[in-house]
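Working through the structure, step by step
So the chains spell out like this:
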Amino acid sequence: METLVILLVVIVAGAAVVYFMNSPKGMQVVRKKTVSTILNDLRALQLSTPETALHDIYYALAEERTNKSNWLTEFNYLYKLRDAGCFDSRTAPEPEQFAEMLASVEEKIRLQASGVAGGS
């Protein structure tokens, strides 16, 4: 009986987490965490290579994130960011805007990959 109760609690907790993560509030939490992670990674790269231009650091960071996730490659992540002007010295956004843009593009790609959203 005790095992059954534990199993039911685990199932209910798992369902609650899945429901929350798919809710608008859950997506917002994930996005804030992603933006924070991107900004931390960006600052670390800036500190390690202070002489490197910001748009080059953006490319290095985006390339690193792409190499960690096959689905980013599959959905032309680097091309989307390039087309948005992230890697051009004249049009590269501020770090906070860049982090928001990456998080937004990654979120859209995740939705496309899961079949929730269509098109690009």
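About the cut-offs
For every chain, the first residue of the written sequence is number 1, and numbering continues from 1 along that sequence. This being a predicted model, a pLDDT of at least 70 is required before a residue's local features are given, and a value of 80 or more before pairs of side-chain atoms are given or counted; all residues contribute to the totals for chains, interfaces and linings. Excluding hydrogens and water, the side-chain figures rest on all heavy atoms present in the structure. Under the scheme used here, helices are H or I runs from DSSP no shorter than 4 residues and strands are E runs no shorter than 2 residues, and both carry numbers assigned from the N terminus. Each residue is placed in one exposure class: buried if its accessible area under a 1.4 Å probe, protein chains only, is under 20% of its type's maximum, exposed if it is over 50%, and partly exposed if it falls in between. For helices, the fitted axis covers only the stretch in contact; all axes are lines through C-alpha atoms, and the angles between them, taken along N-to-C directions, range from 0 to 180 degrees. Our angle categories are set so that under 35 degrees counts as roughly parallel, over 145 as roughly antiparallel, 65 to 115 as roughly perpendicular, and the remainder as oblique. Should the near helix be turned anticlockwise from the far one by less than a right angle, the crossing is left-handed, and should it be turned clockwise, the crossing is right-handed. Should any heavy atoms of two residues lie within 4.5 Å, those residues are counted as being in contact. We call Asp, Glu, Lys and Arg charged. Ala, Val, Leu, Ile, Met, Phe, Trp, Tyr, Cys and Pro are nonpolar, and the rest, Gly among them, are polar. Salt bridges are counted wherever a side-chain nitrogen of Lys or Arg sits within 4 Å of a carboxyl oxygen of Asp or Glu. Think of a patch as exposed residues, more than 30% relative accessible area, with no salt bridge, where like charges cluster within 9 Å and nonpolar side chains (Val, Leu, Ile, Met, Phe, Trp, Tyr) cluster within 5 Å. What sets the accessible areas is the Shrake-Rupley method with a 1.4 Å probe; for residues, cover comes only from the shown protein chains. Classification of ring pairs rests on two measures: the distance between centres of Phe, Tyr or Trp rings, Trp counted by its six-membered ring, which must be within 6.5 Å, and the angle between planes, read as stacked under 30 degrees, edge-to-face over 60 and tilted in between.

Our next topic: the environment of T73. Within the element layout of this structure, T73 appears in helix α4 (residues 70-74). A relative accessible area of 48% places T73 in the partly exposed class. Taking C-alpha positions, T73 is 28 Å from K25, a pair spaced 48 residues apart along the chain.

Turning next to the packing of helix α3 (residues 54-68) against helix α6 (residues 95-114). Between α3 and α6, the least distance of the axes is 12 Å, while the angle of their chain directions is 25°. Accordingly, the angle class assigned to the pair α3 and α6 is roughly parallel. For the pair α3 and α6, the sense of crossing is right-handed. Contacts between α3 and α6 involve L54, Y58, L61 and R65 on the former and, on the latter, P95, F98, L102 and E106. The residue inventory of the contact of α3 with α6, partitioned by class, reads 6 nonpolar, no polar and 2 charged.

Attention now moves to the pattern of salt bridges. If you walk through the whole model with that rule in mind, you get 6 salt bridges. Between R65 and E106 there is a salt bridge, and its shortest N-O distance comes to 2.7 Å. Of this pair, R65 sits in helix α3 while E106 is found in helix α6, placing the two residues 41 residues apart along the sequence. The partner of R82 in a salt bridge is D83, with the nearest N and O atoms 2.9 Å apart. Overall, R82 belongs to the partly exposed group, its relative accessible area being 46%. Of the residues examined, D83 reaches a relative accessible area of 58% and is grouped as exposed.

A cluster of nonpolar side chains, namely M1, L4, V5, L7, L8, V9 and I11, defines an oily patch on the protein surface of about 720 Å² accessible area. Mapping I11 onto the fold places it in helix α1 (residues 2-22).

This part takes up the packing of aromatic side chains. Under the counting rule described, the total for this entry stands at 2 aromatic pairs. Between Y58 and F98, the aromatic rings sit 3.8 Å apart at their centres with planes inclined by 5°, giving stacked as the arrangement. With Y58 in helix α3 and F98 in helix α6, this residue pair connects regions lying 40 residues apart in the sequence. For the pair Y58 and F98, one class covers both residues: buried.

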